Amino acid sequence: MATVSPENRWSYSLTLPHDPRSARIARITLRSAVVSHGMDELADVTELVVSELVTNSYLYSDGPTEVRLKYVADDRLRISVWDRNPEVPAPFERPVHLGKGRIPEADLESLQGRGLRVVRLCADNWGSWSASAAYLGLQGKLLWCEVSPSSVPFALAATAA
């Protein structure tokens, strides 16, 4: 009789206050989780992506931020960030084919709007979900992305630019 071992699925959740230090805390915490699970090659890209997503949440929302890191499969991680602002930013508007839409042009003169473009460039897959107050009393949005070893070269290029 063959023995089937359970899949190595794990996840971590983190609730962060509306505080400018939250992005740093998320970076340190998620990096530690990734390294603790022996996925060192994904530590840098995970740290970059979560930093940009939590910073966006802090800048454009007025409440706490929920962060979740989940091992999906095949050395792929999903990073999700929920905040109370239901407006989905342009770089994360749902494309026709999930994760395969055109990335909007960046205004090179603007000091804002580059972080989520970096996330999209580094992620293998990404998406969003929005809820207004009319939806079961829930208001906010979820931005998520998935990273894997194939994301690493893009993350290195994004940090070098």
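Preceding block: the structure.
Here the structure is a predicted model, which means the values were calculated and not measured.

Next up on the list: the overall build of the protein. Within the protein, the secondary structure is distributed over four helices and five strands. Seen in sequence order, the protein has helices and strands lined up from the N terminus as β-α-α-β-β-α-β-β-α. Buried positions account for 40% of the 161 residues belonging to the protein. For the protein, contacts bridging at least 24 residues in sequence account for 67% of all contacts bridging at least 6. For the protein, the computed accessible surface area is about 9400 Å², with 54% contributed by carbon and sulfur atoms.

Turning our eyes to something else, we now look at the environment of Arg78. Tracing the chain through its elements places Arg78 in strand 3 (residues 76-83). Along the chain, Arg78 and Ser11 lie 67 residues apart, while their C-alpha atoms are 9.1 Å from each other. Those residues in contact with Arg78 that sit more than four places away from it in its chain are Arg68, Leu69, Lys70, Val72, Trp144, Cys145 and Glu146. Polar side-chain contacts of Arg78 include one of 2.3 Å to the side chain of Glu146.

Relative to strand 2 (residues 65-73), strand 1 (residues 11-16) runs antiparallel, the two sharing six bridges. Residue pairing across strands places Ser13 opposite Arg68, the latter belonging to strand 2. Bridge count between strand 2 and strand 3: seven bridges; the pairing is antiparallel. Each bridged residue has a counterpart across the sheet, and for Arg68 the counterpart in strand 3 is Ser80.

Another point: the packing of aromatic side chains. Scanning the entire structure with this criterion turns up three aromatic pairs. Within the aromatic cluster, the residues linked to one another by ring pairs are Trp10, Tyr12 and Tyr71. A cation over a ring is seen here: Arg78 above Trp144, with NZ or CZ 5.2 Å from the ring centre.

Strand 5 (residues 138-147) sits mainly inside the fold: seven of its 10 residues count as buried. One ladder, built from seven bridges, connects strand 3 with strand 5; its direction is antiparallel. Within the sheet, the bridge partner assigned to Arg78 lies in strand 5 and is Glu146.

Rules used throughout
- All residue numbers here refer to positions counted from 1 along the written sequence of the relevant chain.
- Local features are withheld for residues below a pLDDT of 70 in this predicted model, meaning they are given only at 70 or higher, and side-chain atom pairs are given and counted only at 80 or more; totals for whole chains, interfaces and linings count all residues.
- The side-chain values count all of the structure's non-hydrogen atoms but skip hydrogen atoms and water molecules.
- Under the scheme used here, helices are H or I runs from DSSP no shorter than 4 residues and strands are E runs no shorter than 2 residues, and both carry numbers assigned from the N terminus.
- Each residue's exposure class comes from its accessible area (1.4 Å probe, protein chains only) as a fraction of the maximum for that residue type: buried when under 20%, exposed when over 50%, partly exposed otherwise.
- Pairs of residues are marked as contacts when any of their non-hydrogen atoms sit within 4.5 Å.
- Each accessible area is a Shrake-Rupley result for a 1.4 Å probe, and residues are judged covered by the shown protein chains and nothing else.
- Under the rule applied, a polar contact is a pair of N or O atoms within 3.5 Å (in protein, one hydrogen donor and one hydrogen acceptor; residues adjacent in sequence only if both atoms are side-chain atoms).
- Only strands joined by at least two bridges in the DSSP assignment are considered to pair.
- Any two of the Phe, Tyr and Trp rings considered here, Trp counted by its six-membered ring, make a pair once their centres fall within 6.5 Å; the pair's planes then place it as stacked at under 30 degrees, edge-to-face at over 60, or tilted in between.
- Counting as a charge over the ring demands two things of the Lys NZ or Arg CZ atom: a distance within 6 Å of the ring centre and an angle within 35 degrees of the ring normal.

Honestly, that's just the spatial picture; any functional story needs more than this.
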